[in-house]
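Fold and geometry: a report
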Amino acid sequence: ISSSCNAFALAELAYSALVQQHRRVIIDALWRIADEPIAECVKCAISISISNYIRALSQNDKTAKECAVPRILALLTSSDAKIARSAIGVFNESTNSLPLDPFVPWAYRFMSLAAEHDEKHQNEECKLQPILMRLAREKPSSLQSPLRFAIERLKDRGLFTRTSTTYQLYKECPNQGFDAFVIALQGLQEPALRLNSALRELREVLNENGTSTRRGSCIQGANEYTLRAAKRIWSQLYEELLAPSWPGVNGYLGEANHKFARDWRGRLTGPSRSMRSSFLGKEFNGDSKEELVRGGKLVPKTISDLKSAKDCVEAILEKLKQRMNNDRNVSDSTLRDVSTYLLKYDGSNNYDTALDVPLAAWENDTLKCSVPKILVFDPCVVYLSSMRRPCKIKTRCSDGAERSFLVKGGEDLRNDERIEHIFSAMRSALLSASKTRQKKLHTGVRTYGVFPLSPRVGLVEWIDGAETLSAVVERFIKGKAQENAHRARCAHLEGLKENYGIQKISAYLVAMSHITPESGANAFFKAQEALQPFAFGRKTPLSQYLIALAPQSEAFVSIRNNCIKSVASSSACTYIVGLGDRHQGNIMVDSSDGTIAHIDLGASFGYGTTLPVPEIIPIRLTPQLTSPYAPLDGRSHAKRYLGDTLETFRDRKYVSTLLAMLDVFATDPVLDWIQASEKFNRISNENSETNDDIQSSLTPELRVKIARDKLLGHHPAALITKEIECNSYVTRNRNSLNGIKRLLTNANRQYEHQSKLSPIEQAEVLIDLASDPALLSVHYVGLEPWW
């Protein structure tokens, strides 16, 4: 059979026998063919599956490149221990012959499995060590970042020992200055923000074992993990921010970092008790300078120290808040101010140890060629005005190209990187399918590189020639029109205040409990009236922007078509992965062709529906995004393109790949998901008397199940309702939940009794929900739904 059948097809058959619902039927069939016991037949299916996936990868099978590795991962991490054990054995037998390139995009997952093994079996060798060792020796750049995440995870638990697989990989993987590069990039973030983030993380760790219980205010005991995590946070804070010399970077911190470190080191660690007392108060008195360098009273050693440590952290945060308010208007800077290490870096002097240029691992072209090196960093650093103050840096590379990156500090970008990986697979599907390729819908799914370097910093590929929708609005709305935009914001709130007495954010939920479709629509239209004549048609900022891009009318028609196609196809992608927080600052317009791109992808898989003011629209399709088609109906065009995109994703050629990629999120959830689930359970326990009907928290498994249901065509309103029922803020008030359900039902009645929809029906429901004025009226004003 193996010699006469397509390798990937045979692997899929064997995989289905192992994991699908009808596995017993297929196993029985294989049993009859092989005339062997069932147990041996299962081993046979595993061997057929993994060996043929690897054979398909060796033959450069296009489908296998996207799907084979997630399938292999599913077998290696199967909940059935016998299947997992057999799969690892078969996989390791092929380690030396398998092609490495398809495994590079999944290095984070393999490294996570190794760290998980080190946690549970400290004295045993990880079964995946052979493939990881090959990656460390032959593709070291692919493991450098995953290793940093794994090391920090193990250090918190005191398990990063010489016998651990992670430690052996760290020694085997050439570092070539990577650690110093990461620490230097962390130094580009404003030091006050870094100190603030670290102290908030420390406070969170202390609160985990210092919260009051429902039956009293007794303090829970500080366990070993909490003490170790607190010490690790402080040690890292001191070594990478307050110390006069940082690891790898030495004293080349930059003038601004040197000044901040000298100032705050003196305040927090000495030199005198009186200085500490005047700065923080009497709670911080009593420890020697040496003790303070090790954390002092910021890090508890016993239960009695816990309250003192929390008080000290709160005191520092309050002082820091005043400093940050005073220094908010920080202008652009130079590397001389923020990192003389990067300023003095010269890759041309020692090319062999020069830094590799970050390239998206899922792009096949980048795997075939040699990776260029970074030769020098441009001395100019451009800071953006958003909350975490990310900055843009420019590099000159060995291939003659200049590449720009956005440095995002204080964030874990692993989730963004995974979402971009899925978007890349979706784009490949649209490019492969003839129907969507002819309509050029794949051009609307814009992908870019995301590179998580550590839990606190990462790089994002800079999109040249693109502007955010908020910048477009600011460009074309000036003078009185700007005042009208401000009035629209107020009108949106006033429409709610007038009817429900809204005074603060939490009162949105009160509005949701009483709102009717008619009153909500009136509030929304009132906001739009304040924007006249810029709210509709060719007068919207986006329409004017696209007109300005076109030198003649024919060019405008092309740019307009590109825009609506990209709105539709990208909306299908963002809907499936549950991407929220789609305000105008997170949507960019490309000035070269009018297509749009979504940025800041961390708020995914239902994150928006769990906010205190939940997002209840599935996609962003507000009037401005369809306005370029005026006077034609932009919604009808968007529905057609959206339906075509969803139909392609459901095609059997591509749906298995996308489902396999989604499943990885359930087996290896990011920390934010776990913390969100724990927070839900904590709030639910504190308010159990009002949460009798709560189903469960939005667990990683439920998040992925909902994403799978979206892909397979389940009713969008039903899935939104399921997510809202996991929102602890909404479920405190049953009337708020009923009000949201009432709005969702009113927004689309045509298919309300169908559990599963065709692609075009699904597209119609999505557009109806996304453009319903009553639903838009109860969204948080920061979303600016009237545009």
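Not measured: the values here are computed from a predicted model. (Residues numbered from 1 in each chain as written. Predicted model: local features only at pLDDT ≥ 70, side-chain atom pairs only at ≥ 80, totals over all residues. Heavy atoms only, no water.)

This part takes up the nonpolar core. Among the nonpolar cores identified, the biggest contains 117 residues, and F91 and F110 are the most heavily contacted of them. Examining the composition of this core, we find that ten residues originate from one element, helix α27 (residues 553–576), more than from any other. Beyond its immediate chain neighbours, meaning those up to four positions away, F91 contacts I50, I54, I72, L76, L98, F103, F110, L128 and I131. One finds I477, A717, L737 and L743 within the second-largest nonpolar core, a separate group that totals 38 residues. (Core = buried A, V, L, I, M, F, W, Y, C linked by side-chain atoms within 4.5 Å. Buried < 20%, exposed > 50% of the residue type's maximum accessible area, 1.4 Å probe, protein only. Helix = DSSP H or I, 4+ residues; strand = E, 2+ residues; numbered from the N terminus. Contact = heavy atoms within 4.5 Å.)

Attention now goes to the packing of helix α7 (residues 129–138) against helix α8 (residues 140–156). The N-to-C vectors of α7 and α8 enclose an angle of 115 degrees; their axes lie 6 Å apart at closest approach. Taken together, the axes of α7 and α8 are roughly perpendicular relative to one another. For the pair α7 and α8, the contacting residues are L132, L135, A136, R137 and E138 in the first and P140, S142 and L143 in the second. Here the residues of the contact of α7 with α8 are counted per class, giving five nonpolar, one polar and two charged. (Axes fitted to C-alpha atoms, helices over the stretch in contact; angles between N-to-C directions. Parallel < 35°, antiparallel > 145°, perpendicular 65-115°, else oblique. Nonpolar A, V, L, I, M, F, W, Y, C, P; charged D, E, K, R; others polar.)

Along the chain, the position of S145 falls in helix α8. Judged by relative accessible area, which is 7%, S145 ranks as buried. Engagement of the side chain of S145 in a polar contact is seen with the backbone oxygen of P452, the distance being 3.2 Å. Not counting residues up to four positions away in its chain, the partners in contact with S145 are Y108, F178, P452 and L453. (Polar contact = N/O pair within 3.5 Å; in protein donor to acceptor, adjacent residues only side chain to side chain.)

Most peptide bonds take the trans configuration, and most residues that are not glycine carry a negative phi. Although it is not a glycine, R389 sits at a positive phi angle of roughly 55 degrees. The buried category is assigned to R389, whose relative accessible area is 7%. For D581, which is not glycine, the phi dihedral falls at a positive 60 degrees. The exposure class of D581 is partly exposed, given its relative accessible area of 26%.

A few words now on the pairing of strand β6 (residues 450–454). Along any regular strand, the residues point their side chains to alternate faces of the sheet. Within β6, five of the five residues are buried, which leaves it mostly tucked inside the rest of the structure. Here β6 runs beside strand β7 (residues 457–461); their pairing, made up of four bridges, is antiparallel. Residue pairing for β7: V450 is matched across the bridge by V460. Taken together, β6 and the strand that follows it, β7, pair antiparallel across an intervening segment of two residues. (Pairing = 2+ DSSP bridges.)

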